[in-house]
Every structure is written in structure tokens, then in C-alpha cells.
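Spelled out, the chains give:
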Amino acid sequence: MSKTAESVWNNCLAFIEDNISSQAYKTWFEPIKAVKLADCSLSIQVPSKFFYEWLEEHYVKILKVALTKELGKNAKLVYIIRMENTYGNKQPFTEKIPSANRSNLRSQEIDVPLKNKSPELKNPFVIPGIRNVKIESQLNPNYNFENFLEGESNRLARSAGLAVANKPGGTSFNPLLIFGGVGLGKTHLAHAIGVDIKDKYPEKTVLYISAEKFTQQYIESVTKNNRNDFIHFYQIIDVLIVDDIQLLSGKAGTQDVFFHIFNHLHQNGKQVILTSDKAPVDMIDIEQRLLSRFKWGLSAELNHPDYATRIAIIKSKLYRDGVDMPEEIIEFLANNIKTNIRELEGAIISLIAHSSFNKKEITIDLARKIVDNYVKHTKREVSIEYIQKVVSDYFQMDVSTLQSKTRKRHIVQARQLAMFFAKKLTKASLASIGSQIGQRDHATVLHACKTVDNLSSTDKQFRKYVEDLNKKLTL
Ligand code: ADP
Ligand code: MG
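Residues numbered from 1 in each chain as written. Chains lettered and ligands numbered in written order. Predicted model: local features only at pLDDT ≥ 70, side-chain atom pairs only at ≥ 80, totals over all residues. Heavy atoms only, no water.

Per an unreviewed UniProt entry, the protein chain goes by the name Chromosomal replication initiator protein DnaA and belongs to Aequorivita xiaoshiensis. You can read under Sequence similarities (unreviewed entry) in the UniProt record for the protein chain the words "Belongs to the DnaA family." According to its UniProt record, the protein chain has this under Subcellular location (unreviewed entry): "Cytoplasm". (UniProt positions renumbered as here; feature names shortened; annotations may be inferred.)

### Some words on the overall build of the protein chain
Within the protein chain one finds 19 helices and 9 strands. Counting all 475 residues of the protein chain, 48% fall into the buried class. If you take every contact in the protein chain between residues at least 6 apart in sequence, the share linking residues at least 24 apart comes to 74%. When the accessible surface of the protein chain is totalled, it reaches about 24,400 Å², and 50% of it is carbon and sulfur. (Helix = DSSP H or I, 4+ residues; strand = E, 2+ residues; numbered from the N terminus. Buried < 20%, exposed > 50% of the residue type's maximum accessible area, 1.4 Å probe, protein only. Contact = heavy atoms within 4.5 Å. Areas by Shrake-Rupley, 256 points an atom, 1.4 Å probe, with all protein chains shown as cover.)

### Describing the site of ligand 1
Neighbouring ligand 1 are 18 residues, the closest being G183, K186, T187, H188 and E345. Here a nitrogen atom of ligand 1 and a backbone polar atom of L149 are 2.9 Å apart. Between ligand 1 and G183, the relevant distance is 2.8 Å, taken from an oxygen atom to a main-chain nitrogen or oxygen of the residue. In isolation ligand 1 offers 560 Å² of accessible surface; the protein chains occlude 94% of this area. Of all the secondary structure elements, the ones that give two or more residues to the shell around ligand 1 are helix 5 (186-200), helix 10 (307-321) and helix 12 (341-357). Taken together, the residues of the shell around ligand 1 sort by class into 7 nonpolar, 7 polar and 4 charged. Split by domain, the residues of the shell around ligand 1 number at least three in each of domain 2 (124-302) and domain 3 (307-375). (Near = heavy atom within 4 Å. Polar contact = N/O pair within 3.5 Å; in protein donor to acceptor, adjacent residues only side chain to side chain. Nonpolar A, V, L, I, M, F, W, Y, C, P; charged D, E, K, R; others polar. Domains from an automatic or database assignment.)

### Some thoughts on the packing of aromatic side chains
In this structure the tally under the stated criterion is 15 aromatic pairs. Ring centres of Y394 and Y465 lie 6.1 Å apart, and the angle between their planes is 80°; on these two criteria the pair is classed as edge-to-face. Here Y465 lies in helix 19 (residues 460-474) and Y394 lies in helix 14 (residues 384-394), a separation of 71 residues in the sequence. Judged by its relative accessible area of 22%, Y394 falls in the partly exposed class. (Phe/Tyr/Trp six-rings, centres within 6.5 Å; stacked < 30°, edge-to-face > 60°.)

### Looking at the pairing of strand 8 (residues 271-276)
Looking along a regular strand, one sees side chains alternate from face to face of the sheet. Counting buried positions over the 6 residues of strand 8 gives 6, a clear majority of the element. Side chains Q271, I273 and T275 project from strand 8 onto one buried face, and the interleaved V272, L274 and S276 project onto a second face that is buried too. Looking at chain direction, strand 5 (residues 176-180) and strand 8 are connected through 4 bridges and run parallel. Across the sheet, F179 pairs through a bridge with S276, a residue of strand 8. Bridge count for strand 7 (residues 239-243) against strand 8 is 4 bridges, and the pairing is parallel. Note that in strand 8 the partner of I241 across the bridge is I273. For the crossover from strand 7 across helix 8 (residues 252-267) to strand 8, the handedness is right-handed. (Pairing = 2+ DSSP bridges. Right-handed = clockwise from strand over helix to strand, strands pointing away.)

### So, the confidence of the model for the protein chain
Close reading of the predicted structure is inappropriate where its pLDDT is low. Summing up the model confidence of the protein chain, the mean pLDDT is 84 and the portion of residues at 70 or higher is 87%. Here residues 110-132 is modelled with pLDDT under 50, and outside its nearest four sequence neighbours on either side it reaches 40 contacts, counting other chains as well. (pLDDT = per-residue confidence, 0-100.)

### What about the sheet that holds strand 9 (residues 298-302)?
In a beta sheet, neighbouring strands pair by backbone hydrogen bonds and run either parallel or antiparallel. With parallel pairing, 5 strands are arranged side by side in an open sheet as 6-7-8-5-9. Each of the sheet's edge strands pairs with one partner strand only, and the pair in question is strand 6 (206-210) and strand 9. The average undirected angle you get between the axes of adjacent strands in this sheet is 15°. Helix-sheet contacts for helix 4 (residues 155-166) involve strand 5, strand 8 and strand 9, and the interaxial angle to strand 9 is about 135°. Against the sheet, helix 5 engages strand 5, strand 6, strand 7, strand 8 and strand 9, with an angle of about 150° to strand 5. (Axes fitted to C-alpha atoms, helices over the stretch in contact; angles between N-to-C directions.)

This is the structure in C-alpha cells:
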């Protein structure tokens, strides 16, 4: 039987599959097509230049071994880069692209002797002049390290941020993922790092962008047929800061494109800084391969500020605004607003405004009124214990039954509902929810959340349970 491009490649694949992780195999080898075999030279089609670079950098040895086995000593590999308006092996939005765009389909042949060096390669995708265009960093200079007060709650994140700012791309904190609850300083710290880098390395291109805006831009690029320009714009950034990446959850297309941008930047020693309101293990509907990238670097948490830090933050705001406030009131504020620095600031501003507007002195009474307003507006958080009680009552069972190891369907459902509501209504992590609802692990809780989501969209009766319980729990 004579050899064909396909048969040769399939044999290579079988060998490669046995020798690398299945994740890597899926990502980097499944999307490849064998297209031509001439003498000892096999042409394979890869979906992007980035792909080709990645293969050359990481898999050239194994490719060489596999191909030599098949075609002998003179084996040669030719890459054909075929860039359609899709990336990798996924095809998000393809059907939306009008056929006129077919002419955009580019193909480039690169003849690569199987040597482990990156050959010079003309990049056909460089947007003319883009390197000369100054990219506005979108940084807010008011968010800097100087006014980001240090405390027990933020020490790790702050010092990791400083380390990254001193040597962007040159530490093992890449990516640096800053996570923590609302109003704890993620955005402030992310800007501070960017501002400091701009200060120390004015020639570096720094870009701050919210995940929301990134998503909008991406969708726009797809509708305008310039997805590649979008990707290449991001690939020339030296320091990319993406705020609130939890907003990418469930957006497969955006995650896919971000994955490729991330890999490119990371591989080229560029710094990536991310923020999220959840720890990586608690992120739902973020692709595994992206999550695993987040774990390459450092995840640093911003915790609730301790009392001393709250006092220091209040004093520094007052000092900046040139306002004097009795010690007693400062302590009152610090004692009553504990979990959100933004609210703490809001209360101070509101207090100052009231007193100057009404020409009143700042008194404890006024402070109490304002704090009441602030604390009332922030929803009371229900406890996981309370959720289990409400769910058990609703299904007329004991809490101990709900927590038990039984696999009886209605009990399992009740338990899953309790987990779902604990995730929805509290800030507890999946792991902590699991340990409080019958000693389960975080994967079980995640599974429960997905099951409840699915069932409530397919099962009417079940949806009724969810609605009833939701009312009981949020009233
Ligand atoms: P997040 O992005 O986590 O929701 P922000 O970064 O927007 O929170 O912070 C909320 C407010 O609290 C901002 O005005 C920020 O300046 C302030 N803040 C947070 N942490 C600190 C800190 N350590 N020192 C001073 N101000 C802080
Ligand atoms: Mg923020």
C-alpha cells in the first residue's frame, strides 16, 4: 500500500498521542490537517501562525522523531498556515460571517527544516504602522500604590503587584491573578501596577481593559470581519491588564480568543494581570484550559480589611479631602462597615456632604443614620445554615437527612438546591459550601449548581421549586 499524506500523518499522530498529555494533544494536534505528501516532505495545515510557532517551540522534537520513523532520514515538514476567520479548532460565530469574506482566507507556506530554531518568518498580519501608533493605556493615575494602603488583608497581593511592576514579565507571577469580593481594591491595585510600570518603563505598551469591554470589542470585530486585527492588536501589548475576568464565564467565543492572546503574550514573556471576584476554583463556565493557564502564575487574594486597615483607609481619605473628623466617628465607621472599602468610602463622602451641606457638625447621630442607609442598601447575607433549614422545611425533611449520604432522588435534589442557593446567595466558596452541606467537595457543589440550572430550564415542576425557594430565601 502506498503512503498518503493522511496515512503518514495518522501514524505520526498515533505516536504523538502516546507521548504527550491528552489535553495537549487535543489542543495542538487535533486541529491539524495533513494536506500533501511529496517524496519525503509532508505538508500539514495549521490554523494560525501562533499555532505554528507553538508547535515549533514545544513539539518539534517529537514531530521529528515521528516523521523520521515514517519517512526516513530525509523527512521534511512543511507548515501551511491557513488563517480563516476562526481560531484553533473552534468555530464560534462562523455562520455569521458572510461568504464575501472568503477572500480573506490567507494561506502561507513555510518550509521548515526540522531544526529546533525559529526561522525568520514574515508576518503577513501586521497592521501597517500599528507599532508606531501610541496605544493609550486607559490607566487611572488616581489609583496608584501610594494611596493603596497596605494591611494584613492585602499584603500578598500588594507585594506581588509591586514585584510584577518592578519586572513585568520577569517574575513567576505571570499571570498575576488578583481575586476577592466586591469593593476590596482589585481594580485599584490592577491600575496601580500598570501606573507603576508606565512610570518605570515608559517604552512599554500597557493596556488596561475590563473584561466587559474586551468582550464588546471582540464581538464587534467579528461582525466587522476584523477579528484578526483585534487579535493582533492585543498581541503587541507588553503588559495586558484585564479586569473582572469572571465576566467571561459562559462566553466561549471570547474565552477562545483570549486564550490565544494569552498564550501568545505569555510565550513572549509579556506580563498578564487579571482580576476576578472569584478564586479560580470557584469560576463557573470558564473553560478548563483557560483556568489552567490562570494557575500558571500566582493567585493572590484581597481579603476583608482588618480594623487597623479600615481606620488607616478612612484617615487617608479624610486627609486627602482636608476634612477633620472626631476619632470617635472614625472608629464608629470602621466598626460598622467591614466588608467593602467602597462602601466605607461612600459613607465618608456622604457624611462629609451632609455635614457641609446642612452646615451641621459631624456627629455620631449623623454617622449612625448614614451607616444605616449604607448597611440597609447592602443586602443582608443569608447563612448556609439558614438555607439548609429553609430547603429542608420546604421538602419536609430534617437537615440531617438533607446532609446524609443517601442517593435517594428527592433528597439528592434537595441537597443540590441547597448548594445552588448557597452559591447564589452567599459569598462562600464552592469548597466551603460543600464542607457545610454534608462534607462534599467543591466539584460536587459545582455539579449541583449546573444540574439545578439545567433542570430549571427543562423541568417545570423543578422550576417551581426554585422559584418558591428563591422567594422564601430572599424576602
Ligand atoms: P473592586 O475592584 O475590588 O471592586 P475597587 O478597586 O474599585 O474594588 O476599590 C473600591 C474602592 O476602595 C476604591 O475607591 C479604592 O480606591 C478603595 N480601596 C480599596 N483598597 C484600598 C486600599 N488598600 N487602600 C486605599 N483605598 C482602597
Ligand atoms: Mg473592580
